[in-house]
Amino acid sequence: MNVERDLHMTRGDGEHSYASNSRLQEKSILKTRPVLHKAVVAAAHACLSLSSGPGGAMVVADLGCSSGPNTLLVVSEVIKAVADCCRHEQQLAAGGQPQHVQFFLNDLPGNDFNLVFQSLELIRKLAAKDGLEEPLLPPYYVAGLPGSFYTRLFPDRTVHLFHSSYCLMWRSKVPDELAAGAVLNEGHMYIWETTPPAVVALYRTQFQEDLSLFLRLRHRELVTGGHMVLTLVGRKSKDVLRGELSYTWGLLAQALQSLLKEGRVEKEKLDSFNLPFYAPSLDEVRDVIARSQAFDVTHFQLFDSNWDPHDDDDDDDAEMKMEEEDAVQSGVNVAMSIRAAIGPLIARHFGEHILDDLFELYAKNVAVHLQKVKTRYPVIVVSLQAK
Ligand SMILES: C[S@@+](CC[C@H](N)C(=O)[O-])C[C@H]1O[C@@H](n2cnc3c(N)ncnc32)[C@H](O)[C@@H]1O
């Protein structure tokens, strides 16, 4: 698997697309809005204090923007925060000019950038919902930026704010030893109860290398005092073999194993499918940030999110089980959400023809699991300021 080439969410705006199945990620963007707004205000101040005269645009980049309404929701949230900042603090650049905002929407080249560009009008509509019409909005410009965020994306010291939501659990590559073809994690695509410690270490090391590279690159690109808001799916369970995401992917591996028994998937294909993914604990994230010595942490938080994007019950009872009827519907909803994200990688490796049956089996596996324990995604939110 070549992550830069192969990884993308399901394109378009059809039934199985990411655009139509990203409510889970939308909820996270909405939940972290106050953190983003604070960072926008701080970044706007950094921009004003650094710019030598009128016309210095504030540069903002959303890394792993994907396609669909969430992409434009992030843009509109930033625009709204800049507008608020200008209004309340009369932070106008010299000459009474409003703060211009230059946006870069980044994702891997396979992302459906066309869909994003075709729906830019949504930015204004979302802002208007909050009473912010044209004269109140700062002038803004939107550009696409294809490329991996594990490479350089900008010249030195040119960006005021980076935002990235639901992306940094994706690795830059499958760890080399797994990608080389040895069967080290038989029948599984991610860390599972039976995964050997050596394989766990490979994933963990890949995560540490990727995140420290990401921080080094972004630090070069940020202006002094620039900000970064990062949200990623992580792990609460102390036992790495039973991490919450291990169940998400373990149940999908079990669905593939069922297809293997029916002779519809080859064993060699199953054993060679490894996800470029790692869900870190809070401490693992904190350690890499501390070792980078490049950022001050201004906010660190973990919240739980239901697997089912349409389940808005935020009761914190982690051991809660679901009734059968609810679990069956949730299984279907979870399968739609996971298919939108992982469908293209599965299709490339196993063939598109298995997708419908695979995710039907997966929905059933998820329903059975949720009746035993209503596992949730732990979501880590970090806000950083460049030293
Ligand atoms: C689950 S989506 C999240 C999209 C959007 N931020 C949201 O909140 O809805 C994860 C996105 O990260 C992108 N991604 C993963 N690894 C990446 C990388 N190395 N460079 C750029 N984008 C990446 C994927 O292509 C995908 O679009």
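Rules of the game
Residues numbered from 1 in each chain as written. Predicted model: local features only at pLDDT ≥ 70, side-chain atom pairs only at ≥ 80, totals over all residues. Heavy atoms only, no water. UniProt positions renumbered as here; feature names shortened; annotations may be inferred. Helix = DSSP H or I, 4+ residues; strand = E, 2+ residues; numbered from the N terminus. Rg over C-alpha atoms; globule rule 2.2 N^0.38 Å. Buried < 20%, exposed > 50% of the residue type's maximum accessible area, 1.4 Å probe, protein only. Salt bridge = Lys/Arg side-chain N within 4 Å of Asp/Glu carboxyl O. Phe/Tyr/Trp six-rings, centres within 6.5 Å; stacked < 30°, edge-to-face > 60°. Near = heavy atom within 4 Å. Polar contact = N/O pair within 3.5 Å; in protein donor to acceptor, adjacent residues only side chain to side chain. Areas by Shrake-Rupley, 256 points an atom, 1.4 Å probe, with all protein chains shown as cover. Nonpolar A, V, L, I, M, F, W, Y, C, P; charged D, E, K, R; others polar. Pairing = 2+ DSSP bridges. Axes fitted to C-alpha atoms, helices over the stretch in contact; angles between N-to-C directions. Contact = heavy atoms within 4.5 Å. Parallel < 35°, antiparallel > 145°, perpendicular 65-115°, else oblique. Left-handed = near helix turned anticlockwise from the far one by under 90°. Expected span 1.5 Å × (residues − 1). Bend = angle between axes of the 7 residues up to and from the residue.

UniProt, in the comment section headed Sequence similarities (unreviewed entry), describes the protein chain in these words: "Belongs to the methyltransferase superfamily. Type-7 methyltransferase family. SABATH subfamily."

Enquirer: What's the story with the overall build of the protein chain in this structure? I'm lost.
Expert: Along the backbone of the protein chain there are 13 helices and seven strands. Taking 387 residues into account, the globule formula puts the C-alpha radius of gyration at 21 Å, and the protein chain, at 21 Å, falls close to it. Each of the three principal axes of the protein chain carries a C-alpha extent, and together these read 70 × 40 × 40 Å. The burial tally for the protein chain puts 56% of its 387 residues in the buried class.

Enquirer: Would you explain the pattern of salt bridges in this entry?
Expert: Pairs can form between side chains of opposite charge whenever their charged atoms are close. Using the criterion set out here, one finds 25 salt bridges in the structure. We note a salt bridge from Glu 77 to Arg 33, for which the minimum N-O separation is 3.2 Å. Here Glu 77 is found in helix α4 (residues 69–89), whereas its partner Arg 33 is found in helix α3 (residues 33–50), with 44 residues between them in sequence. Arg 33 gets classed as partly exposed once you look at its relative accessible area, which sits at 30%.

Enquirer: Can you help me understand the packing of aromatic side chains in this one?
Expert: To describe a pair of aromatic rings, one takes the distance between the centres and the angle between the planes. For the structure on display, the rule yields 15 aromatic pairs. Where Phe 149 meets Tyr 150, the ring centres are 4.9 Å apart and the plane angle is 75 degrees; that geometry is what we call edge-to-face. You'll find Phe 149 and Tyr 150 in the same group, each marked buried. Centre to centre, the rings of Tyr 190 and Phe 277 are 5.6 Å apart; their planes meet at 90 degrees, and the pair counts as edge-to-face. One end of the pair, Tyr 190, is in the loop between α7 (176–179) and α8 (197–221); the other, Phe 277, is in the loop between α10 (267–271) and α11 (282–292), and 87 residues separate them in sequence. Judged by its relative accessible area of 4%, Tyr 190 falls in the buried class.

Enquirer: Would you take a moment to explain the site of the ligand for this structure?
Expert: Around the ligand lies a shell of 20 residues, among which Tyr 18, Gly 64, Asn 70, Asp 107 and Phe 149 are the nearest. Here an oxygen atom of the ligand sits 2.9 Å away from a polar atom, N or O, in the side chain of Asn 70. Computed on the free molecule, the ligand has an accessible area of 590 Å², of which 98% lies beneath the protein chains in the complex. Residue composition of the shell around the ligand, grouped by class: 11 nonpolar, eight polar and one charged.

Enquirer: Sorry if this is basic, but what is going on with the sheet that holds strand β1 (residues 58–63) here?
Expert: Strand pairing in a sheet is mediated by backbone hydrogen bonds. Such pairs are either parallel or antiparallel. The sheet built from seven strands is open, its strands ordered β3-β2-β1-β4-β5-β7-β6 with mixed pairing. The two strands at the open ends of the sheet, each matched to only one other strand, are β3 (140–146) and β6 (295–306). Averaged over all adjacent pairs, the angle separating strand axes in this sheet is 15 degrees, with direction ignored. Set on the sheet, helix α9 (residues 244–261) makes contact with β5 (222–233) and β7 (376–386); between it and β7 the angle comes to about 125 degrees.

Enquirer: I tried to follow the packing of α8 against α11 on my own but got confused; where do I start?
Expert: How two helices pack is summed up by the angle between their axes together with the distance between the axes. The contact between α8 and α11 brings their axes to 10 Å, and the two run at 45 degrees. Considering their axes alone, α8 and α11 lie oblique with respect to each other. In the crossing of α8 with α11, the sense of the turn from one axis to the other is right-handed. Mapping the contact onto sequence places Arg 204, Phe 207, Gln 208, Leu 211, Ser 212 and Leu 215 in α8 and Glu 284, Val 285, Val 288, Ile 289, Arg 291 and Ser 292 in α11. Each residue belonging to the contact of α8 with α11 can be placed in one class, and the counts come to six nonpolar, three polar and three charged.

Enquirer: Can you walk me through helix α12 (residues 324–350) in this structure?
Expert: In an α-helix, one turn spans 3.6 residues; hence positions three or four apart end up facing the same way. Counted at 1.5 Å a residue, the expected span for α12 with its 27 residues is 39 Å, but the 31 Å between its end C-alpha atoms falls short. Of all the bends found along α12, the most pronounced is centred on Ile 342 and spans about 60 degrees, while Pro 344, a proline, follows it within four residues. With respect to burial, α12 is a largely interior element, 19 of its 27 residues being buried. In the stretch just after α12, Gly 351 is the one whose phi turns positive, near 105 degrees.

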